[in-house]
Amino acid sequence: MKALSIAATGMMAQQTNVDVISNNIANANTTGFKASRAAFQDLIYQSMQREGAVTSEAGSTRPVGIDIGMGVQTAGTVRLNTQGGMVATENQLNVAIDGRGYFSVTLPDGGTAYTRDGSFQLSPEGEIVTMQGYRVEPGMVVPENTTAVEINEQGVVMAYVENDPVPVELGQFSLTTFVNEPGMRPVGNNFLLATEASGEAQVVNPGDPGAGMIRQGYLEASNVNVIQQITDLISAQRAYEMNSKSIETADQMLSAANQIR
């Protein structure tokens, strides 16, 4: 009886589904977080009777076969890169991307990570950095005695120093886009890494075709729909219970068969 192993694969798949949904709910308030969903695919089939097999000397063929599936497996977790809502913070170093693109961040090992989290701060040297203290590319340093920082929609950063009415241009935020954004690998701390699946990084300026705009004083909220996630969680729980019931039923059938004398 294959039902035991088939139902076991279903239970493992739904356990993965619950893990993904739980992570989405846990990050409902994480800045720039993108929800994921688990994708599944059926396993190979055992063919008991082939479709199209000849059934008589007259040449008639079997219209359908007897194919028994071996269960299900997780094909991957797909990240949903829809736009999150804008949350006003009134912090002049908070920026949100309205549209496609990622900020580039230099990691301590010299590598590059990408993020949608624009809750930037200043280092002791006045450099614009992430919450972890990592430099945001291209590196920009805010002068001492700066009274205000302005960032326009194209990502140009300007600083008003002391009482000078003319701002000093510090640089411009660049954005990075990818052909296959779901192919990027999440590593925590709101960072993603480029992979062969994501394609090569394309550096663009905010407002360029296919790139988003910069919104100063805002942060992008998570795109997690909590109501939908709770609904999916209930559905996954019911599917897990049904697979568990299949195992129970198969066990009862085997027990009945063993009692036949």
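Just so you know, the residues in each chain are numbered from 1, in the order the chain's sequence is written. The model is predicted, so local features are restricted to residues of pLDDT at least 70 and side-chain atom pairs to those at 80 or more, both for listing and for counting; the totals for chains, interfaces and linings are taken over all residues. Side-chain measures were taken over the full set of non-hydrogen atoms in the model, leaving aside hydrogen atoms and water.

> Please explain the environment of Pro-206 as it appears in this structure.
Think of it this way: any DSSP run of H or I at least four residues long counts as a helix, any run of E at least two long counts as a strand, and we number them from the N terminus. Among the secondary structure elements, Pro-206 is positioned in the loop between β17 (202–204) and β18 (213–216). Pro-206 gets classed as buried once you look at its relative accessible area, which sits at 2%. With 51 residues separating them along the chain, Pro-206 and Gly-155 place their C-alpha atoms 6.0 Å apart. Residue contacts follow a heavy-atom distance rule, with two residues in contact if any of their heavy atoms lie within 4.5 Å. Non-local contacts of Pro-206, meaning those with residues more than four positions away in its chain, are made with Glu-153, Gln-154, Gly-155, Gln-172, Phe-173, Ser-174, Leu-175, Gly-212 and Ile-214. Only protein chains enter the area calculation, which uses a 1.4 Å probe; residues under 20% of their type maximum are buried, those over 50% are exposed, and those in between are partly exposed.

> Help me understand the nonpolar core in this model?
A general feature of soluble globular proteins is that nonpolar side chains tend to end up buried together. Nonpolar cores are built from buried Ala, Val, Leu, Ile, Met, Phe, Trp, Tyr and Cys residues. Side-chain atoms within 4.5 Å join them into one set. Among the nonpolar cores identified, the biggest contains 19 residues, and Phe-103, Phe-120, Ile-128, Ile-151, Val-157, Phe-173 and Ile-214 are the most heavily contacted of them. At the level of elements, β6 (95–98), β11 (146–151) and β12 (156–161) are the ones that each hand at least two residues to this core. Ignoring any residue separated from it by four or fewer positions in sequence, one finds Ile-128 in contact with Phe-120, Gln-121, Leu-122, Tyr-134, Arg-135, Val-136, Met-140, Val-142 and Phe-173.

> Got a minute to help me understand the UniProt feature "domain: Flagellar basal body rod protein N-terminal" (unreviewed entry) in the chain in this structure?
UniProt positions are given in the numbering used here, feature names are shortened, and annotations may be inferred rather than shown by experiment. Sequence positions flagged by UniProt for "domain: Flagellar basal body rod protein N-terminal" (unreviewed entry) are, in local numbering, residues 5–34. What you have in residues 5–34 is 73% helix and 0% strand, and the ends, taken at the C-alpha atoms, are 34 Å apart.

> In this structure, what is going on with the sheet that holds β12? I would like to understand it.
In a beta sheet, neighbouring strands are held together by backbone hydrogen bonds and run either parallel or antiparallel to one another. By this definition, two strands are paired if DSSP reports at least two bridges between them. Reading across the sheet, the three strands line up as β11-β12-β13 and stay open at both edges, with antiparallel pairing between neighbours. On the outer flanks of this sheet lie β11 and β13 (168–172), each paired with one strand and no other. Taken over all neighbouring pairs, the strand axes of this sheet differ in orientation by 20 degrees on average, direction set aside. Angular values range over 0 to 180 degrees, each being the angle between N-to-C directions of two axes fitted as lines to C-alpha atoms, with helices fitted over their stretch in contact.

> What exactly am I supposed to notice about the pattern of salt bridges here?
When the charged atoms of two side chains lie near each other, side chains of opposite charge can form a pair. Within this document, salt bridges are pairs made up of a side-chain nitrogen of Lys or Arg and a carboxyl oxygen of Asp or Glu, the two lying within 4 Å of each other. Under the criterion given, the structure shown has eight salt bridges. Of the charged contacts, one joins Arg-116 and Glu-220 as a salt bridge, the two residues approaching to 2.9 Å between their closest N and O atoms. Of this pair, Arg-116 sits in the loop between β8 (112–115) and β9 (121–122) while Glu-220 sits in strand β19 (residues 218–220), and the two are 104 residues apart along the sequence. The exposure classification of Arg-116 matches that of Glu-220, with both residues buried. One connected set of salt bridges, linked through shared partners, spans Lys-34, Arg-116 and Glu-220.

> How do you make sense of the layout of surface pockets when you look at a structure like this?
Rolled over the atoms, a probe sized like a water molecule indicates the empty space that remains. As a volume, the largest pocket reaches approximately 440 Å³. Buried and open spaces are told apart on a 1 Å grid over the protein atoms alone, a cavity being a set of points where a 1.4 Å probe fits but cannot get out and a pocket being an open set with protein on both sides within 12 Å along at least five of seven lines. Residues with an atom within 4 Å of a point are the lining residues. For the largest pocket, the lining is made up of 25 residues, of which Phe-33, Lys-34, Arg-79, Pro-186 and Leu-192 are closest to its centre. For the lining of the largest pocket, the secondary structure elements donating two or more residues are α1 (3–26), β4 (72–79), β15 (185–188) and β16 (191–193). If you tally residues by element for the lining of the largest pocket, the top one is β15, at three residues. Split by residue class, the lining of the largest pocket holds nine nonpolar, twelve polar and four charged. Surrounding the second largest pocket, 13 residues form its lining, Asn-17, Ile-21, Arg-37, Ala-38 and Asp-232 being those nearest its centre. Of all elements in the fold, only α1, β1 (36–42) and α2 (226–258) reach the threshold of two or more residues within the lining of the second largest pocket. Among the elements that make up the lining of the second largest pocket, the one with the highest residue count is α2 (five residues). Grid points are joined across faces, edges and corners, and a volume is the space filled by probe spheres set on the points. Residues are grouped as follows: Ala, Val, Leu, Ile, Met, Phe, Trp, Tyr, Cys and Pro are nonpolar; Asp, Glu, Lys and Arg are charged; all remaining types, including Gly, are polar.

> I'm lost on the environment of Thr-146 in this one. Help?
Along the chain, Thr-146 falls in strand β11. Taking C-alpha positions, Thr-146 is 79 Å from Pro-63, a pair spaced 83 residues apart along the chain. Those residues within four positions of Thr-146 in sequence are excluded, and the remaining contacts are Ala-159, Tyr-160 and Val-161. Polar contact is defined as a pair of N or O atoms within 3.5 Å, subject to the rule that within protein one atom must be able to donate a hydrogen and the other to accept it, and that residues adjacent in sequence are counted only when both atoms are side-chain atoms. Side-chain polar atoms of Thr-146 contact the backbone oxygen of Pro-143, separated by 2.6 Å.

> Is there a simple way to explain the environment of Gly-207 in this structure?
Examined against the element boundaries, Gly-207 turns out to sit in the loop between β17 and β18. Between the C-alpha atom of Gly-207 and that of Val-187, which follows or precedes it by 20 residues, the distance is 28 Å. Excluding residues within four positions of it along the chain, Gly-207 makes contact with Gly-212 and Met-213.

> Explanation requested: a nonpolar patch on the surface in the structure shown.
A cluster of nonpolar side chains, Met-48, Ile-66 and Ile-68, forms an exposed patch at the surface whose accessible area comes to about 250 Å². Within the element layout of this structure, Met-48 appears in strand β2 (residues 45–49). Owing to a relative accessible area of 46%, Met-48 belongs among the partly exposed residues under this scheme. Residues forming no salt bridge and having over 30% relative accessible area are the ones grouped into patches, like charges within 9 Å of each other and nonpolar side chains (Val, Leu, Ile, Met, Phe, Trp, Tyr) within 5 Å. Working definition of accessibility: Shrake-Rupley area with a 1.4 Å probe, residue cover restricted to the visible protein chains.

> Please clarify how unusual backbone geometry should be interpreted in this entry.
Between Glu-137 and the following residue, Pro-138, the backbone shows a cis peptide bond with an omega angle of -10 degrees. Turning to its location among the elements, Pro-138 is positioned in the loop between β10 (128–129) and β11. In this structure, Asn-145 takes a positive phi of about 65 degrees despite not being glycine. Within the secondary structure, Asn-145 is located in the loop between β10 and β11.

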